[in-house]
Amino acid sequence: GESVGLHLPTLSVQEGDNSIINCAYSNSASDYFIWYKQESGKGPQFIIDIRSNMDKRQGQRVTVLLNKTVKHLSLQIAATQPGDSAVYFCAERGGSARQLTFGSGTQLTVLP
Amino acid sequence: SQTIHQWPATLVQPVGSPLSLECTVEGTSNPNLYWYRQAAGRGLQLLFYSVGIGQISSEVPQNLSASRPQDRQFILSSKKLLLSDSGFYLCAWSASLDTQYFGPGTRLTVL
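Residue positions are given per chain, counted from 1 along the sequence in the order it is written. Lettering of chains starts at A and numbering of ligands starts at 1, both following the order in which they are written. The predicted nature of this model means local features are confined to residues of pLDDT at least 70 and side-chain atom pairs, given and counted, to a pLDDT of 80 or more, with totals for whole chains, interfaces and linings taken over all residues. Calculated side-chain values reflect all of the structure's heavy atoms, with hydrogen atoms and water omitted.

Undergrad: Can you lay out the pattern of salt bridges for me, pointing to particular residues and giving the numbers?
TA: A pair is scored as a salt bridge if a Lys or Arg side-chain nitrogen falls within 4 Å of a carboxyl oxygen belonging to Asp or Glu. Applying the stated criterion across every chain yields a total of seven salt bridges over all chains. Close ionic contact of aspartate 98 of chain B with arginine 51 of chain A constitutes a salt bridge, the shortest N to O distance being 2.5 Å. Here aspartate 98 of chain B is found in the loop between strand E9 (87–94) and strand E10 (101–102), whereas its partner arginine 51 of chain A is found in strand E5 (residues 45–51) on a different chain. By relative accessible area, which is 14% here, aspartate 98 of chain B ends up buried. For arginine 51 of chain A, a relative accessible area of 35% translates into the label partly exposed. A salt bridge links arginine 61 of chain A to aspartate 84 of chain A; the shortest N-O distance between them is 2.9 Å. Note that arginine 61 of chain A is positioned in the loop between strand E6 (56–58) and strand E7 (62–67) and aspartate 84 of chain A in the loop between strand E8 (72–77) and strand E9 (86–94), a separation of 23 residues in sequence. Exposed residues in this analysis have more than 50% of their type's maximum accessible area, buried residues have under 20%, and partly exposed residues fall in between, with area computed by a 1.4 Å probe over protein chains only. Among the residues examined, aspartate 84 of chain A registers a relative accessible area of 7% and is labelled buried. Beyond isolated ion pairs, a larger network of salt bridges with shared partners links Asp31, Arg51 and Arg93 of chain A together with Asp98 of chain B. The way it works is that DSSP assigns letters per residue, a run of H or I at least four long becomes a helix, a run of E at least two long becomes a strand, and they are numbered from the N terminus.

Take a look at the structure:
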């Protein structure tokens, strides 16, 4: 079946450095992608989204890159801060499907 | 602005007892509503979704059920809880088929 996976389960970065979190997807019909941030004990929080007709989108300190050729999605966080420590999930919507498919998440730890 | 509420925040229940988790959304009309379960260290598993009052779609066979008695109310229930029902239950809403916004979650422990 279709799946969304993450390359690394954990990522540690120094405060102030840039973070890159990767995600691979297998459904070539996926047309919409989202990144969520989940802090411990809380619900996932929307960060940024991108549609398949784009390859880059920027938000405040975050950038999402989409490479449809290799079915790869990445989230870049600039000047990582301690408050960025959380689990980050990617999610994709496969074509006409109503539901999102979520990856298992990457734990980002920001070191002082 | 839209807000989504879930209660209770935490719940400890014995095996075989019933369950009722409630989710309500404010600030929007006719939302799509979703129930997810998240096991420790795992991703999100879609349990149910609803596109309108009384319309429920089940994604995973289990001893859980869902109901939508009002436009902005979504309830997750069980008649008899199993140990495997323990987890973090998340409700979400969306205005379309795109972005879903999540509630704060309910931590359920079945003993």
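Next, the rest of the story.
Undergrad: Account for the interface of chain A and chain B, naming residues and giving values.
TA: We call two residues in contact whenever any of their non-hydrogen atoms come within 4.5 Å of each other. Contacts between chain A and chain B engage 19 residues on the former and 20 residues on the latter. Taken together, both faces of the contact between chain A and chain B bury some 1,600 Å²; the carbon and sulfur share is 55%. Here chain A and chain B share two salt bridges between them. Taking the shortest distance from any N to any O, the salt bridge between arginine 93 of chain A and aspartate 98 of chain B comes out at 2.4 Å. Any N or O atom pair separated by 3.5 Å or less is treated as a polar contact, with the protein-specific requirement of one donor-capable and one acceptor-capable atom, and with residues adjacent in sequence counted only for side-chain atom pairs. Linking chain A with chain B are six residue pairs in polar contact (both at pLDDT 80 or more). For the side of chain A that touches chain B, the secondary structure elements donating two or more residues are strand E4 (30–38), E5, E9 and strand E10 (100–102) of chain A. Take the side of chain A that touches chain B: its biggest share by element is four residues, from E4 of chain A. For any pair of parts, buried area is found by adding up, for both, the accessible area (1.4 Å probe) each one loses once the two are put together.

Undergrad: I'd like a description of the pairing of E5 of chain A, backed by residues and values.
TA: In this sheet, E5 of chain A lies alongside E4 of chain A in antiparallel orientation, the contact comprising six bridges. Each residue of the ladder has a partner; that of phenylalanine 33 of chain A, found in E5 of chain A, is isoleucine 50 of chain A. In short, DSSP must find at least two bridges between two strands for them to pair.

Undergrad: I'd like a rundown of the side chain of glutamine 13 of chain B, residues and numbers included.
TA: Residues and elements named next belong to chain B. With respect to the helices, strands and loops of the structure, glutamine 13 is situated in strand E2 (residues 10–13). A polar contact of 3.4 Å, which involves the side chain of glutamine 13, links it to the side chain of serine 17. A distance of 3.0 Å separates the side chain of glutamine 13 from the backbone oxygen of proline 18, its partner in a polar contact.

Undergrad: Which residues make up the sheet that holds strand E1 (residues 3–7) of chain B, and what values go with them?
TA: Residue and element names in this part refer to chain B. If you trace the four strands from one edge of the open sheet to the other, you get E1-E3-E8-E7, paired in antiparallel fashion. In this open sheet, the two edge strands, each paired with only one partner strand, are E1 and strand E7 (64–70). Put simply, the sheet's adjacent strands are angled 20 degrees from each other on average, direction ignored. As defined by bridge partners, E1 adjoins strand E3 (residues 19–26) across five bridges and the pair is classed as antiparallel. Opposite threonine 3, over in E3, you have glutamate 26 as the bridge partner. Angles run from 0 to 180 degrees between N-to-C directions of axes, and those axes are lines fitted to C-alpha atoms, restricted for helices to the stretch in contact.

In short, the description is geometric, and any link to function would need to be established separately.
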